[in-house]
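Reading the structure
Each chain, written out:
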Protein chains: 2
Amino acid sequence: MDKKKIELGHGSGGLLTRELLDELIFSTFRNPYIDQKHDGAVLPLTGEVVISTDSFVVSPIFFKGGDIGELAVNGSVNDVAMCGGIPKYLSLAFIIEEGLPVEDLKKILQSISIAAKRSGVEVVTGDTKVVEKGKGDRIFINTTAVGMKHPGADITMSRILPGDQIIVNNSLAQHGMAIMSEREGLAFESAISSDTTNLNYVVSDILDRFGTQIHLLRDATRGGVAGVLSEIAVDTSLGVFLKEEAIPLQKQVAAACDLLGLDPLYVANEGVFLVVAHQDIAHDLLEALKVQDPEASPAIIGEITTAHPEMVVLESKIGGRRVVTPLIGEQLPRIC
Amino acid sequence: MDKKKIELGHGSGGLLTRELLDELIFSTFRNPYIDQKHDGAVLPLTGEVVISTDSFVVSPIFFKGGDIGELAVNGSVNDVAMCGGIPKYLSLAFIIEEGLPVEDLKKILQSISIAAKRSGVEVVTGDTKVVEKGKGDRIFINTTAVGMKHPGADITMSRILPGDQIIVNNSLAQHGMAIMSEREGLAFESAISSDTTNLNYVVSDILDRFGTQIHLLRDATRGGVAGVLSEIAVDTSLGVFLKEEAIPLQKQVAAACDLLGLDPLYVANEGVFLVVAHQDIAHDLLEALKVQDPEASPAIIGEITTAHPEMVVLESKIGGRRVVTPLIGEQLPRIC
């Protein structure tokens, strides 16, 4: 690449586009699918195919613990995992604002490459568009992940039963607070890192072991844990009962939330998922999560109940109860 | 939807997002996949799966002959078809600029719905993000199309042979000139319409009939016919010989190109594809294209040759020859 900044011409379909693709993109993601340089890819898949798409518009694009590239891979990989899929392939589409330093794009491609390897997916096809300065914001990334359904998975809202336990794999609110600190220029004593990570292997492992005893999987991204639980309550017409003291939260994250007046239940995560599982296997599942990631803080945070249909109720540390309502609008815009 | 304009909160993952999804999006694309309202979809697909992704940033978003929604469906559907796939499913991801009138979004959703029905694909999963005013440009759309490989297809650059004929299905440069006229406020005697259309059925038909005698399929979008042919010449190390008089061009499109000093070979199309086919079946294929669309102007425009490796050479109407080089940078930015 001769140029130091992305120009409109890099999105034209001409020689500049080709240079960008050949020197940066194709060379980063070499595999038999992308090497074809066609408009798409032909993939060997049999059985039930799981697909999920997400666009990423996070600002800033680089933050403590990750960047937009890593987020874009993990986000779609995790969504496929949450549907009971084993992600295998990824499409990758960029909308770049004219003037983005080529160095930034290189860093992002590197992150994408590392994150893809880590989660075992191959980037098989893509697209690059460039928009004029002031018509975008540095870079937006869309990824679509495709995979096979795990043979033991039967993940659907309608399988949730009263008595099911609600388990989270790790402590909440890290991603949102990392982005927020970055934006507001807050320096906490020990800086908060995004929790962005791929969840496909841990999900695959618990599906191997507990199969259809797992009724629902959902990652708690935008809208946070409260958002997911509100959806569950409304869509199942059952109630969700939460114990505040069981909810895992890092000390500095709790402090940052306090400082900014944010409720961690609503803050976005990028490496936290909820499992709604049959009560018989909940404790074994918790143990399995602990073994999978000894540094994580998995916990049973609540259960499904018939006591208060369509409502999420939180029992506070001092025993009071309050209804957890979903957010109406925006807590932290452009968090992912 | 109470609101008349899209707000940041519509991308938050909270109640506003849910209202947008339920009232506009889920209700437009009802099918068993999207009705699950999960983060992704599980699809019944077996054999080889074809996938393609594209982001659409066209400006203006409404133009004569189509809009960004229709373009976004046809674009990915056509890319799957060009890989020898039969498109079945579509993911749909929006990046909306705060302030977009809800009416515009409704119109676009309607176009998407109609275009999806016309090409026989189902919208199975999606995503909506909202960015602040001035950080996007009304609406960007990413689609990823997924389908099955046509059993008779073997589409790859490496199968191209000297003597292969190059066929286009229709006259060139309509989409680019339609967008250009719209932008420049040009009023031609009879306004030029975009040629955006789904090509999957015509491709499937010719694959049924001519199978592996079809060596390459490629739609001539950004970079135009010249862009595709330059790629073929470079990637195969063969030459491409074109006859200007054979290239189909509507009178008013030719006039508009003259007026604006644009070469129609470089102008983007959204319903034109090239077939590189074995010479033995080229004329039958041409006849098949004529039967498929009696209003189109398919033509054999040239052939593959060993005479001038890696070069595209055009013989002009008066017999002169010139090399057709690919564009370096931008002819018409944000054409798709």
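Numbering of residues starts from 1 in every chain and runs along the sequence as written. Just so you know, chain letters begin at A and ligand numbers begin at 1, following the order they were written in. Local features in a predicted model are, by the rule used here, given only for residues with pLDDT of at least 70; side-chain atom pairs are given and counted only at 80 or more, and totals for whole chains, interfaces and linings are based on all residues. The basis for the side-chain values is all heavy atoms of the structure; hydrogens and waters are excluded.

What about the domain arrangement of chain A?
Residue and element names in this part refer to chain A. Using the following cut-off: Boundaries of every domain are those given by an automatic assignment or by a domain database. Residues are treated as being in contact if the distance between any of their heavy atoms lies within 4.5 Å. Computed with a 1.4 Å rolling probe, the buried area is the accessible surface lost when two parts are put together, summed over both parts.
Structurally, chain A comprises domain 1 (8–149) and domain 2 (157–323). Of note, the centres of domain 1 and domain 2, computed from C-alpha atoms alone, are 28 Å apart. Facing 21 residues of domain 1, the contacting portion of domain 2 comprises 22 residues. Three residues, Lys64, Asn78 and Met82, lead the burial of domain 1 against domain 2; their summed loss comes to 35% of the area buried on that side.

Digging into the sheet that holds strand 6 (residues 122–131) of chain A
Under the convention used in this document: When DSSP finds two or more bridges between a pair of strands, those strands are recorded as paired. Helix and strand assignments follow DSSP, with helices taken as H or I runs no shorter than four residues and strands as E runs no shorter than two, numbered in order from the N terminus. Angular values range over 0 to 180 degrees, each being the angle between N-to-C directions of two axes fitted as lines to C-alpha atoms, with helices fitted over their stretch in contact.
Pairing is mixed across the open sheet formed by 5 strands, whose spatial order is 6(A)-5(A)-7(A)-2(A)-1(B). Sheet topology places strand 6 of chain A together with strand 1 (41–44) of chain B at the edges, where each strand pairs with a single neighbour. Pairwise comparison of adjacent strand axes, ignoring direction, gives a mean angle of 20° for this sheet. Taken together, the 8 bridges between strand 2 (residues 48–56) of chain A and strand 7 (residues 139–149) of chain A define a ladder with antiparallel strand orientation. Each residue of the ladder has a partner; that of Ser52 of chain A, found in strand 7 of chain A, is Ala145 of chain A.

Remarks on the pairing of strand 5 (residues 85–97) of chain B
Residues and elements named next belong to chain B. To keep things clear, this is the line we draw: Throughout this description, buried means an accessible area under 20% of the type-specific maximum (1.4 Å probe, protein chains only), exposed means over 50%, and partly exposed covers the range between. A clockwise course of the path from the first strand over the helix to the second, judged with the strands pointing away from the viewer, identifies a crossover as right-handed.
The buried fraction of strand 5 amounts to 11 of the 13 residues, a majority that puts the element mostly inside the structure. Bridge analysis of strand 5 against strand 7 (residues 139–149) gives 11 bridges, and the strand direction is antiparallel. Pairing of Phe94 across the sheet is with Ile141, part of strand 7. Relative to strand 6 (residues 122–131), strand 5 runs parallel, the two sharing 9 bridges. Bridged to Leu90 within strand 6 is Val123. Regarding the hand of the β-α-β motif, the stretch spanning strand 5, helix 3 (residues 102–119) and strand 6 is right-handed.

Side note on the environment of Ala116 of chain B
Residue and element names in this part refer to chain B. Here Ala116 shows up in helix 3. With 28 residues separating them in the primary sequence, Ala116 and Lys88 have C-alpha atoms 9.5 Å apart. Other than its neighbours up to four places away in sequence, Ala116 contacts Val73 and Val121.

Concerning the packing of aromatic side chains
Residue and element names in this part refer to chain A. Formally: Aromatic rings from Phe, Tyr and Trp, with only the six-membered ring used for Trp, were paired whenever their centres fell within 6.5 Å, and each pair was classed as stacked if the ring planes differed by under 30 degrees, edge-to-face if by over 60, and tilted otherwise. We call a charge positioned over a ring when the NZ of a Lys or the CZ of an Arg lies within 6 Å of the ring centre and within 35 degrees of the ring normal.
Considering all chains together, one arrives at 3 aromatic pairs over all chains under this definition. Relative to Tyr89, the ring of Tyr33 lies with its centre 5.4 Å away and its plane at 75°, an arrangement referred to as edge-to-face. A residue pair is termed long-range when its members are at least 10 positions apart, and Tyr33 in the loop between helix 1 (15–28) and strand 1 (41–45) and Tyr89 in strand 5 (residues 85–97) qualify at 56 residues. The pair formed by Tyr33 and Tyr89 is uniform in burial state, with each residue classed as buried. Positioned over the ring face of Phe62 is Lys107, at 4.6 Å from the centre of the ring.

Digging into the interface of chain A and chain B
The condition is simple: Salt bridge, as used here: a side-chain nitrogen of Lys or Arg that lies within 4 Å of a carboxyl oxygen of Asp or Glu. Under this definition, polar contacts are N or O atom pairs within 3.5 Å; protein pairs additionally need one hydrogen-donor-capable and one acceptor-capable atom, and for neighbouring residues in sequence, both atoms have to be side-chain atoms.
Between chain A and chain B, the residue contacts involve 74 residues of the former and 74 residues of the latter. Here chain A packs against chain B, burying approximately 5,900 Å² in sum over the two surfaces, 56% of which is carbon and sulfur. Applying the counting criterion to the chain A and chain B interface returns 10 salt bridges. Salt-bridge contacts for Arg18 of chain B lead to Asp235 of chain A; the nearest nitrogen and oxygen are separated by 2.6 Å. Taken together, the connections running from chain A to chain B amount to 33 residue pairs in polar contact (both at pLDDT 80 or more).

Examining the pattern of salt bridges
As enumerated under the stated definition, the model contains 42 salt bridges over all chains in all. Of the charged contacts in the structure, one is a salt bridge between Asp35 of chain A and Arg30 of chain A, with a shortest N-O distance of 3.2 Å. Given the relative accessible area of 33%, Asp35 of chain A is considered partly exposed. Accessibility expressed as a relative area gives 63% for Arg30 of chain A, which makes it exposed. Residue Glu48 of chain B pairs with Lys149 of chain B through a salt bridge whose shortest N-O separation is 3.4 Å. Pair noted here: Glu48 of chain B is in strand 2 (residues 47–56) and Lys149 of chain B is in strand 7, with a separation of 101 residues, a long-range link. Since its relative accessible area comes to 40%, Glu48 of chain B is described here as partly exposed. Since its relative accessible area comes to 25%, Lys149 of chain B is described here as partly exposed. One continuous salt-bridge network, built from bridges that share partners, spans Arg18, Asp22 and Lys37 of chain A together with Arg218, Glu231 and Asp235 of chain B.

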